[in-house]
Amino acid sequence: MNTYAKITGLGGHVPSRAVDNATLSQWVDTSDQWIQTRTGIRQRHFAGETELAGTLALPAAKQAMAQAGIEGADLDMIVFATTTPDRVYPATACLLQAELNAAPCAAFDVQAVCSGFLYALGIGEAMVAAGRAKTVLIVGAEVFSSTLDWKDRATCVLFGDGAGAAILQADSSPGVMAVRLYADGRYADNLTVNARIRNGELQGDPYTRMDGGTVFRFAVEKMVESAQDVIAKSGSAPDWLVLHQANSRIIEAVRKRLKMSAERCVNCVADYANTSAASIPLALCASSSRFSAGDNVLMAAAGGGFTWGAVMVEWG
Ligand code: UT7
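Residues numbered from 1 in each chain as written. Predicted model: local features only at pLDDT ≥ 70, side-chain atom pairs only at ≥ 80, totals over all residues. Heavy atoms only, no water.

### Considering the packing of aromatic side chains
For any pair of aromatic rings, the description consists of the separation of the ring centres together with the inter-plane angle of the planes. Across all of its chains, the model carries 10 aromatic pairs by this definition. Seen from their ring centres, Phe144 and Phe159 are 4.5 Å apart, and the 15° between their planes marks the pair as stacked. With a gap of 15 residues between them, Phe144 in the loop between strand 6 (135-142) and helix 6 (153-156) and Phe159 in the loop between helix 6 and strand 7 (162-171) connect regions that are remote in the sequence. For the residue pair Phe144 and Phe159, the accessibility class agrees, reading buried in each case. Here the aromatic rings of Tyr187 and Phe306 are separated by 5.0 Å at their centres, their planes lie at 10°, and the arrangement is stacked. Here Tyr187 is found in the loop between strand 8 (176-183) and strand 9 (191-192), whereas its partner Phe306 is found in the loop between strand 14 (296-303) and strand 15 (307-314), with 119 residues between them in sequence. With a relative accessible area of 36%, Tyr187 lands in the partly exposed category. The class of Phe306 is buried, set by a relative accessible area of 1%. Here the guanidinium or amino end of Arg264 rests over the ring plane of Trp240, the centre of that ring lying 4.4 Å away. (Phe/Tyr/Trp six-rings, centres within 6.5 Å; stacked < 30°, edge-to-face > 60°. Helix = DSSP H or I, 4+ residues; strand = E, 2+ residues; numbered from the N terminus. Buried < 20%, exposed > 50% of the residue type's maximum accessible area, 1.4 Å probe, protein only. Lys NZ or Arg CZ within 6 Å of the ring centre and 35° of its normal.)

So, in C-alpha cells, the structure goes:
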C-alpha cells in the first residue's frame, strides 16, 4: 500500500506594517497607477527592525501545528525555505525548532528563492513516502525587504515580507499526487543578490537585481510546462490553481494557457506583493476555505536560480 503525504495544517503570518503604493511613491519615482497596472500589487507588508524570517515563521508554524493537532515533539523534520535566513548559520530551521520545542527532529533550510516552498514540499513528501518521516513541518518565510534597493524602482515595488507553513502527515490516501522540480543555473545572473560575507566584510552587491522581462517570460513558460508535467504525472485535471504570487499578469498568462477559469485561480498579489518562498503557503491560507475534500490543487512556482516546479495535491 502506498504511503502519501497529506497536508493536515496550514498557517500564515505577515508583519503588521502594511505599506501601500501611495506611500512607496513618496520613497521612489513610481505611482500607484503604474504598480497596479503592471503588477496588480496594491500593498505589501514589511518586517520591523527586529523581525527576521524565523520570527515571522513562528506564528505561522504554530497555527499550522494547531490545525493539524500536533506538538513540537510530534515533528520528525522541519524543512525551511528561505532566501533571507536569520543567520549565515545555523539554519533558520534549527532556530525555529528550538522555539517549537521540537528537538531532536531533523531541521534544515532550502534555498530555491520563489520556488522554495515547492522544493520544501517535494522533499517533505519524498521523506514521508519513503517511510523516513511521518510528520513534517514545511515553512516558506522571507524578509525580502532586506534585499531591496530603494533607488531601484524596477524591483523595490514588487516584493513584500511574510511567512507560511504547512504540516505534512503520512496517510494511506492522497495527499500529494505528483511533484516536479527543476533548475537551470545558467540563468543565475537574471535574478540575484550577488553578495557574500568574506573575512568579516560584505563582498559584492547586497541588493536584489533582476532582468524583469526575462524573468517574466521564463516564469510564464516554466510554470505552464511544469504544471502540464504534474497534470500528466497525476492523471488528474486541476480544480484549483495556486501559482507563485509575483505579478497578476504572470498569473493571468499561466491561467489562460492552462485553460483554467479565473474563479479557480488564486490571486492575492494585491495584498502581499511577491513574498518569494512565502507566497504559495500564504495563497493557500487565503484560499483553502474554498477547497473541498477531493479537489485537485495545482501549485506552480518559478524564481531565482532559475528554479521552477509544480506539485499536484488532492485536498482533504
Ligand atoms: O518571482 C520571480 C521574481 N520576479 C518576477 O516575477 C517579476 C517578473 N517581471 C515583472 O513582473 C515585470 O517585468 C516588471 C513588473 C518587473 C516590469 O514590468 P514591464 O511591463 O516588463 O515593464 P518594463 O520593465 O518594460 O518597464 C516599462 C517602463 C520603463 O520605462 P520606459 O523605458 O518605457 O520609459 C521603466 O523604466 O516602466 C518603467 N518602470 C517604472 N515606472 C514607474 C519600471 N519600474 C517602474 C516603477 N514605476 N516602479
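### Quick notes on the environment of Cys268
Position of Cys268 among the secondary structure elements: in the loop between helix 8 (248-257) and helix 9 (269-272). For Cys268, a relative accessible area of 7% gives the class buried. In this structure Cys268 touches Gln245, Ala283 and Ala286, once residues within four positions along its chain are discounted. (Contact = heavy atoms within 4.5 Å.)

### Describing the site of the ligand
Around the ligand, 23 residues are found, and the nearest of them are Thr30, Arg38, Arg153, His244 and Asn247. Here a nitrogen atom of the ligand and a side-chain polar atom of Thr30 are 2.6 Å apart. Within the side chain of Asn247, one N or O atom sits 2.7 Å away from an oxygen atom of the ligand. Considering the ligand on its own, with 950 Å² of exposed area, one finds that the protein chains cover 70% of that surface. Where the shell around the ligand is concerned, the elements lending two or more residues are helix 2 (32-39), helix 6, helix 7 (212-234) and helix 8. Looking at the shell around the ligand element by element, the count peaks at four residues for helix 7. (Near = heavy atom within 4 Å. Polar contact = N/O pair within 3.5 Å; in protein donor to acceptor, adjacent residues only side chain to side chain. Areas by Shrake-Rupley, 256 points an atom, 1.4 Å probe, with all protein chains shown as cover.)

### Quick notes on the UniProt feature "active site" (unreviewed entry) in the protein
The sites that carry the UniProt feature "active site" (unreviewed entry) are, in the present numbering, Cys114, His244 and Asn274. Spanning 161 residues, the named residues form one tight spatial group whose C-alpha atoms are at most 8.6 Å apart. By the secondary structure assignment, Cys114 is in the loop between strand 5 (106-110) and helix 5 (116-129). Once you skip the residues sitting within four places of it in the chain, Cys114 turns out to touch His244, Asn274, Ser276, Ala277, Ala301, Ala302 and Gly303. Checked against the element boundaries, Asn274 lands in the loop between helix 9 and helix 10 (279-287). (UniProt positions renumbered as here; feature names shortened; annotations may be inferred.)

### A few points about the pattern of salt bridges
Taken as a whole and judged by the stated rule, the model has nine salt bridges. Between Arg186 and Asp184 there is a salt bridge whose closest N-O contact spans 2.8 Å. Relative accessible area serves as the criterion here: at 14%, Asp184 is assigned to the buried category. Here Glu225 makes a salt bridge to Lys222, at a shortest N to O gap of 3.4 Å. Separated by three residues within a single helix, Glu225 and Lys222 lie in helix 7, roughly one turn from each other. Overall, the relative accessible area of 35% leaves Glu225 in the partly exposed class. Judged by its relative accessible area of 17%, Lys222 is buried. By sharing partners, the salt bridges in this structure join Asp149, Asp152, Asp205 and Arg209 into a single network. (Salt bridge = Lys/Arg side-chain N within 4 Å of Asp/Glu carboxyl O.)

### Observations concerning the sheet that holds strand 8
Reading across from one edge, 8-15-14-13 is the order of the four strands in this open sheet, with mixed pairing throughout. Among the strands making up the open sheet, the edge pair consists of strand 8 and strand 13 (240-243). Strand-to-strand twist across the sheet, computed as the mean angle between neighbouring axes with direction ignored, equals 10°. Sheet topology note: the strand 8/strand 15 ladder contains seven bridges and is antiparallel. Looking across to strand 15, one finds that Leu181 is bridged to Gly309. (Pairing = 2+ DSSP bridges. Axes fitted to C-alpha atoms, helices over the stretch in contact; angles between N-to-C directions.)

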